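Now for the letters of each chain:
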Amino acid sequence: MTPKVVLVTGVSRFLGGHLAARFAANPDVERVLGVDTEPPPRDLLRRMGRAEFVRADIRNPLISKVISTANVDTVVHASVTANPPGPTGRTVMKEMNVIGTMQLLAACQKSPKVRKLVVKSTSAVYGTSSRDPAVFTEDMGPKDLPSSGYAKDAVEVEGYVRGFGRRRPDVDVTTLRFTNFIGPRIDTVLTRYFALPIVPTVLGYDARVQLLHSEDALAVLERATMHDLPGVFNVGGDGVLLLSQAIRRAGRLALPVPSAAVPTVGGFFRSARLVDFSPDQMRFLNWGRVVDTTLLKKEFGFTPRWTTQQAFDDYVSGRGLKPLIDPETVDAAERGILDAAARFR
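Rules used in this analysis
Residues numbered from 1 in each chain as written. Predicted model: local features only at pLDDT ≥ 70, side-chain atom pairs only at ≥ 80, totals over all residues. Heavy atoms only, no water. Helix = DSSP H or I, 4+ residues; strand = E, 2+ residues; numbered from the N terminus. Polar contact = N/O pair within 3.5 Å; in protein donor to acceptor, adjacent residues only side chain to side chain. Salt bridge = Lys/Arg side-chain N within 4 Å of Asp/Glu carboxyl O. Buried < 20%, exposed > 50% of the residue type's maximum accessible area, 1.4 Å probe, protein only. Pairing = 2+ DSSP bridges. Axes fitted to C-alpha atoms, helices over the stretch in contact; angles between N-to-C directions. Contact = heavy atoms within 4.5 Å. Parallel < 35°, antiparallel > 145°, perpendicular 65-115°, else oblique. Left-handed = near helix turned anticlockwise from the far one by under 90°. Nonpolar A, V, L, I, M, F, W, Y, C, P; charged D, E, K, R; others polar. Expected span 1.5 Å × (residues − 1).

- The name that an unreviewed UniProt entry assigns to the chain is UDP-glucose 4-epimerase, with the source organism given as Lentzea fradiae.

Listed below in structure tokens is the structure:
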């Protein structure tokens, strides 16, 4: 089914706004509605072209009126976020993620016109722990159920989405479990983390990190909307980077912190408004997470253009991150240390 009237949530942020812009540029889509509690930045609003911005809060049941009045047939729920706004952001984030999703799904359920639902979820639903498998496939559950933050929100959101699918089997539901986004244009906890001059890490751990370029994320969301591809799909770039490798490629300096001091350091960066680390994000820095993308390539029909390493390098070059210490100096120092260690054997 080719969508005629598409509603996109979260259009004041990068993914939702640029996705609405793509639909607005597609002549096959008759009408595009972009919903958020605040308008997009002026340049993003211009990019959205003929897309209509609707200032609405999806936590409010009035979202049902927006969907029914506009005869929306396709809903793209792109507003589930890990980035809390402001000092009381955690509470608002949970309300927007969970309560907002509940109200949006209730509105979709009431409208007989809705035929497709695309949900931006996250690989954080798999949790992160020392008992994790090498890679997660879509049929696996978490070894340790996320107990707080964005990961817990996403688990609850997916539960409500499955319930909606059972109540409305006539609606195609696509759930996309994205790995962490990276890229020169998107702003996330991780992009801010790697831009810190001194990057805190957990002493004794070197997490495996799988990333997805923000342009690939947009392409996947667009494909899920324009084609009938129901199901649950992991979405991530090929390959992984160790956290230490990523920090090195960004030209940053790592600051290994003992586990007991991690909450204090996280609190410092949060209070300084540099990076807002949640407990589940701190656990991610311990263990990392990698997902299997076989279904994405074989059933969904999409292979990311950027690998994890290429996506990260594009972020570094696009942001103009300059090494704090000349890489050749670091290489020479490392060789000197290794040579000295070899002599003492």
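**Regarding the environment of L212**
Alright, step 1. Along the chain, L212 turns up in strand 10 (residues 211–213).
Alright, step 2. Placed 23 residues apart in sequence, L212 and V235 show a C-alpha to C-alpha distance of 7.5 Å.

**Comments concerning the environment of Y193**
Alright, step 1. Relative to the elements of secondary structure, Y193 occurs in helix 6 (residues 189–195).
Alright, step 2. In this structure the C-alpha to C-alpha distance between Y193 and I247, which are 54 residues apart in sequence, comes to 9.6 Å.
Alright, step 3. At a separation of 2.6 Å, a polar atom in the side chain of Y193 contacts the main-chain carbonyl oxygen of P200.

**Focus: the pattern of salt bridges**
Alright, step 1. Scanning the entire structure with this criterion turns up 15 salt bridges.
Alright, step 2. Taking the shortest distance from any N to any O, the salt bridge between R177 and E158 comes out at 2.6 Å. With R177 in strand 6 (residues 172–178) and E158 in helix 5 (residues 149–167), this pair connects stretches of sequence that are 19 residues apart.
Alright, step 3. Linking D313 and R249 is a salt bridge whose minimum nitrogen-to-oxygen distance equals 2.8 Å. Taken together, the residues span a long stretch of sequence, with D313 in helix 12 (residues 308–319) and R249 in helix 8 (residues 243–249) at a distance of 64 residues.
Alright, step 4. When its relative accessible area of 27% is taken as the criterion, D313 is described as partly exposed.
Alright, step 5. Each of R22, R185, E215 and E222 takes part in one network of salt bridges that share partners.

**Some thoughts on the sheet that holds strand 12 (residues 241–242)**
Alright, step 1. One open sheet accounts for three strands, arranged 12-9-14; its pairing is mixed. For this open sheet the edge positions go to strand 12 and strand 14 (288–289), each flanked by a neighbour on one side alone.
Alright, step 2. Note that strand 9 (residues 208–209) and strand 12 share two bridges and pair antiparallel. When the sheet's bridge partners are listed, V209 is paired in strand 12 with L241.

**Observations concerning the sheet that holds strand 4 (residues 74–77)**
Alright, step 1. Spatially, the seven strands line up as an open sheet ordered 3-2-1-4-5-6-11, and their pairing is parallel. Of all the strands in the sheet, just strand 3 (52–55) and strand 11 (231–235) have a single pairing partner and so form its edges. With strand direction ignored, the average angle separating the axes of adjacent strands in the sheet is 20°.
Alright, step 2. Where strand 6 meets strand 11, five bridges bridge the pair, whose relative direction is parallel. Across the sheet, T174 pairs through a bridge with G231, a residue of strand 11.
Alright, step 3. The sheet contacts of helix 1 (residues 14–24) involve strand 1 (5–9), strand 2 (31–36), strand 4 and strand 5 (116–122), and relative to strand 1 the element is tilted by about 165°.

**Things to note about the packing of helix 1 against helix 7 (residues 214–226)**
Alright, step 1. At a minimum axis separation of 10 Å, helix 1 and helix 7 run at an interaxial angle of 50°. Classified by the angle their axes make, helix 1 and helix 7 are oblique. Helix 1 and helix 7 meet at a crossing whose hand is right-handed. Contacts between helix 1 and helix 7 pair F14, L15, H18, L19, R22 and F23 from the former with S214, E215, A217, L218, A219, L221, E222, T225 and M226 from the latter.
Alright, step 2. By residue class, the composition of the contact of helix 1 with helix 7 is nine nonpolar, three polar and three charged.

**Structural notes on unusual backbone geometry**
Alright, step 1. For N71, which is not glycine, the phi dihedral falls at a positive 55°.
Alright, step 2. Take N71: it is sitting in the loop between helix 3 (63–69) and strand 4.
Alright, step 3. For N71, a relative accessible area of 39% gives the class partly exposed.

**Section: the side chain of T179**
Alright, step 1. As for its placement among the helices and strands, T179 is situated in the loop between strand 6 and strand 7 (180–182).
Alright, step 2. A residue is classified by how much of its surface remains accessible, and T179, at 5% relative accessible area, is buried.

**Remarks on helix 7**
Alright, step 1. The end-to-end C-alpha separation of helix 7 is 18 Å, in line with the 18 Å expected for 13 residues at 1.5 Å each.
Alright, step 2. Every buried residue of helix 7 is accounted for by S214, E215, D216, A217, L218, V220, L221, A224, T225 and M226.

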